[in-house]
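Residues per chain are reported as follows:
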Number of protein chains: 2
Amino acid sequence: MSKKKPTILEVAARAGVGLGTVSRVLNNHKAVRPETRARVLKAMEELGYTPNPHARRIAGGRSYTVSVLLPFVATEFYRRLVEGIEGVLLEKRYDLALFPILSQARLRRYLESSTLAFLTDGLILASYDLSEHFEGGRLPTDRPVVLVDAKNPRYDSVYLDNFLGGHLAGEYLARFPGPIFAVKVEEEPDRAFRHTVFAERLAGFQEALKEAGRPFPEGHLYTTRLSQEGGRLALRHFLERASPPLNVFAGADQVALGILEEAERLGLTLGKEVRVLGFDGHPFTEEVGLSTIAQPVEAMGARAAQLLLERMQGYAGPPRAVRFEPLLIERASTRTSPAVPYLP
Amino acid sequence: MSKKKPTILEVAARAGVGLGTVSRVLNNHKAVRPETRARVLKAMEELGYTPNPHARRIAGGRSYTVSVLLPFVATEFYRRLVEGIEGVLLEKRYDLALFPILSQARLRRYLESSTLAFLTDGLILASYDLSEHFEGGRLPTDRPVVLVDAKNPRYDSVYLDNFLGGHLAGEYLARFPGPIFAVKVEEEPDRAFRHTVFAERLAGFQEALKEAGRPFPEGHLYTTRLSQEGGRLALRHFLERASPPLNVFAGADQVALGILEEAERLGLTLGKEVRVLGFDGHPFTEEVGLSTIAQPVEAMGARAAQLLLERMQGYAGPPRAVRFEPLLIERASTRTSPAVPYLP
DNA sequence: GTTCCTGGTGGAAGCGCTTCATGGAAACTT
DNA sequence: AAGTTTCCATGAAGCGCTTCCACCAGGAAC
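Anyway, here's the lowdown on the structure attached to this text. Keep in mind the model is a prediction, meaning the values are calculated, not measured.

Here is what the cut-offs are and how they apply
Residues numbered from 1 in each chain as written. Chains lettered and ligands numbered in written order. Predicted model: local features only at pLDDT ≥ 70, side-chain atom pairs only at ≥ 80, totals over all residues. Heavy atoms only, no water. Near = heavy atom within 4 Å. Polar contact = N/O pair within 3.5 Å; in protein donor to acceptor, adjacent residues only side chain to side chain. Helix = DSSP H or I, 4+ residues; strand = E, 2+ residues; numbered from the N terminus. Nonpolar A, V, L, I, M, F, W, Y, C, P; charged D, E, K, R; others polar. Expected span 1.5 Å × (residues − 1). Buried < 20%, exposed > 50% of the residue type's maximum accessible area, 1.4 Å probe, protein only. Contact = heavy atoms within 4.5 Å. Buried area = accessible area lost by both parts, 1.4 Å probe. Salt bridge = Lys/Arg side-chain N within 4 Å of Asp/Glu carboxyl O. Least-squares fit on C-alpha atoms with pLDDT ≥ 70 in both. Pairing = 2+ DSSP bridges. Axes fitted to C-alpha atoms, helices over the stretch in contact; angles between N-to-C directions.

1. Brief notes about the protein's contact with DNA strand C
Looking at DNA strand C, there are 26 residues lining it, with Ile-8 and Tyr-49 of chain A together with Gly-18, Thr-21 and Thr-36 of chain B nearest. The sugar-phosphate backbone supplies 61% of the atoms of DNA strand C found within 4 Å of the protein. Ser-23 of chain A is positioned such that a nitrogen or oxygen atom in its side chain is 2.7 Å from a phosphate oxygen of DNA strand C. In the model, a phosphate oxygen of DNA strand C is placed 2.5 Å from a nitrogen or oxygen of the Thr-36 of chain B side chain. Of all elements in the fold, only α2 (19-26) and α4 (53-58) of chain A together with α2 (19-26) of chain B reach the threshold of two or more residues within the surface near DNA strand C. Sorting elements by how many residues they give to the surface near DNA strand C places α2 of chain B first, with four residues. Its residues assigned to classes, the surface near DNA strand C comprises 14 nonpolar, nine polar and three charged.

2. Focus: the protein's contact with DNA strand D
Neighbouring DNA strand D are 26 residues; Gly-18, Arg-24 and Thr-36 of chain A together with Ile-8 and Tyr-49 of chain B lie closest to it. The sugar-phosphate portion of DNA strand D accounts for 63% of its atoms within 4 Å of the protein, the bases making up the rest. Here a phosphate oxygen of DNA strand D sits 2.9 Å away from a polar atom, N or O, in the main chain of Arg-33 of chain A. A distance of 3.2 Å separates a base oxygen of DNA strand D from a polar backbone atom of Ala-59 of chain A. Residue assignment for the surface near DNA strand D shows that the elements contributing at least two residues are α2 of chain A together with α2 and α4 (53-58) of chain B. The dominant element in the surface near DNA strand D, judged by the number of residues it contributes, is α2 of chain A, at four residues. Looking at the surface near DNA strand D residue by residue, the classes come out as 14 nonpolar, nine polar and three charged.

3. Quick word on helix α12 (residues 253-265) of chain A
Given 3.6 residues to a turn, an α-helix orients residues that are three or four positions apart in the same direction. Residues and elements named next belong to chain A. Here α12 spans 18 Å end to end across 13 residues, near enough to the 18 Å set by a 1.5 Å rise per residue. Restricting attention to buried positions, one finds in α12 the residues Asp-253, Val-255, Ala-256, Leu-257, Gly-258, Ile-259, Leu-260, Glu-262 and Ala-263. Turning to α12, the residues buried within the fold contact β6 (180-185), α11 (228-241), β8 (246-249), β9 (274-280), α13 (284-288) and β10 (291-294). One or two residues past the end of α12 sits Gly-267, with phi positive at roughly 75 degrees.

4. Considering the interface of chain A and chain B
At the junction of the two partners, chain A supplies 47 residues and chain B supplies 47 residues. Counting each side, the surface lost to burial between chain A and chain B is near 4200 Å², with a carbon and sulfur contribution of 59%. The tally of links from chain A across to chain B stands at two salt bridges. The partner of Glu-229 of chain B in a salt bridge is Arg-232 of chain A, with the nearest N and O atoms 2.3 Å apart. At the junction of chain A and chain B, the tally comes to two residue pairs in polar contact (both at pLDDT 80 or more). Only α4, β1 (65-71), α5 (76-91), β2 (95-101), α6 (104-112), α7 (114-119) and α11 of chain A provide two or more residues apiece to the side of chain A that touches chain B. Here the residues of the side of chain A that touches chain B sort into 25 nonpolar, 10 polar and 12 charged.

5. Concerning unusual backbone geometry
Residue and element names in this part refer to chain A. The phi torsion at Tyr-64 lies on the positive side, around 55 degrees, for a residue other than glycine. Examined against the element boundaries, Tyr-64 turns out to sit in the loop between α4 and β1. Tyr-64 sits in the buried class, given a relative accessible area of 16%. Phi angles above zero are rare outside glycine, and Arg-93 is one such case at about 60 degrees. In this structure, Arg-93 sits in the loop between α5 and β2.

6. Topic: the relation of the copies chain A and chain B
Between the two copies, chain A and chain B, the superposition gives an RMSD of 0.1 Å; the rotation angle is 180 degrees and the shift along the axis is 0.0 Å. Expressed as an axis order, the relation between the two copies is that of a two-fold axis. Closest approach to the rotation axis within chain A is made by the C-alpha atom of His-54 of chain A, at a distance of 2.4 Å. A high fraction, 100%, of the interface residues of chain A reappear at the interface in chain B, so the copies pair face to face through one surface.

7. Concerning the sheet that holds β8 of chain A
All names here are of chain A. Read from one edge to the other, the open sheet built from six strands follows the order β7-β6-β8-β9-β10-β12, with strand pairing classed as mixed. Bordering the open sheet on either side are β7 (221-224) and β12 (327-329), each of which pairs with just one other strand. Going from strand to strand, the sheet's axes swing by 20 degrees on average, the running direction of each strand aside. With respect to the sheet, helix α9 (residues 162-173) is in contact with β6, β8, β9, β10 and β12, its orientation differing from that of β9 by roughly 165 degrees.

Shown next, in the form of structure tokens:
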């Protein structure tokens, strides 16, 4: 299929320059005349040249490869996150390697494994609570690390203010008549990563209700795993305790979807008899008209990539924590009439 | 954290041999006296030496790294598959890199990306139907490729005989009184991989019923996505059409679990009023006493790794297709009394 | 005893790249 | 006009490894 890959020498020959010049073009060195650079780029194009990252690494430079470690959980969230990361990195001609964390043991092996340890210029770790699993909350690697969807005092972190998100949700639902309910999403057992995010959301939510003077008895909280099914069960549970109208903070869009479906099945009017507010801002929320607390996932990924780029370029300041704010998106699931927009 | 990694020269110096000898030890060359080899290994141990795969690659040899491409679907199946692959590969001192296929576009990018294209000695592709997505069913790579949980005439493949599995299921359930139902699991939309496996299972199932002379009207088939929820809905659907005893082939353990739960909720006796048969052999089936058609997933992974090793060592015969057979495991969900084992 | 292997070993060459002295030519000085 | 600086460009050295040729013992064959 693919022939022998062309090397820097062939490019140099074709462009009529020395190999040093080609290398400088590759590395964006300043001292190259624009027309020479153009000639070299043209030669690379014509030959279908791709730099060999291992040779680059060996030669003591960078490999222009970044690893992203992410939980082996197939959700839209990670898809969007990678999208955001990639957008920034591709532009800088970086290559991306994704590593699903199937287990705790595997993460450790990755970090020690030659592939990752030798090749990668830097790494992004998603949704992973280091402090729990690594001594001193420090990864056994000497490459720069950026965390996303997690916080850690030792590394640059990009995270969503989940407490604020919950607070927004509480504030918003407190404006409606009828009792208020909430779903607490449980952590998956035996996962290699943590998810305190749900607890944070709930804490913010409860805080807001307290501020608004709205009661939130214990029976109004239903705990379940992250699933549509959980939403269905939750709504049934709530309806045993109160009759419509009800206001429900679902904690996650997926759960909210279950509630939506169950409400429909039971013939309850959405936005009136049952008001549902999700969390995450999944693409499907728009389709089904689900109000939600949206996370700017792509932006978070992009920011993480930027922080990493800076580190890889030598920035050595103290760890930075970048906080993102969620955004309330109001849709039909909490609104009887589309003509009355919510104004905070 | 990690100091400068020791190189082959330091190992050579410490062992009091030449660098050529160290290399020969690394590559299992025959021509090294056992005691010399031992001395070298000891030196490597003491220095904490790890060979640099990029240097190996550059030097024209292998990198001793294999890539496994797998759908971004967090299931026990892939966990076990990787386990099986890894078992074989680690033994041969190979390193593993996992690449989740988040999307069709990303798979393509992987194959072209320098990381995978340059580093990897060979690759294993799981649950992916090449013919649909690549021209001529051929991957744009010159490295050896082995498919697992998929078939393709161009590459070595390791697969389960899903038709046979379905047939076993049909044969088995046909022995019981009461009408027979089945769940057909739908493919996920917009996934980068195919799953004809469910269709194959069902085909085998129907064939077996026909052979046994048992009717299977259209209304006895319920189609749903792969989820517990789907199982719940399926059972309700079936109960609208017939009263117990019922026999249900769930098509997948996850669906079967939903059926189990719903049956319990409805107060139906398992193994008597409702008999449920799953497919896959998930670990949880043992806990909950679910009968199932088990796949030897680890063995399949291991076999795939072996085939790949052979290819990487130069074997150039025609593509081989290794078929695995599923195994019926009988448990409480299809058995009233534990004292009466099923003898085929 | 001489020749020819053979198993065991050492080290130079070279993989594709970056980096670094080095140098030529043009652009500024005074 | 000659000296100085700047800008480009060159190719050797070296990254950590594999491979290959060269070499040396000792044993087998003559």
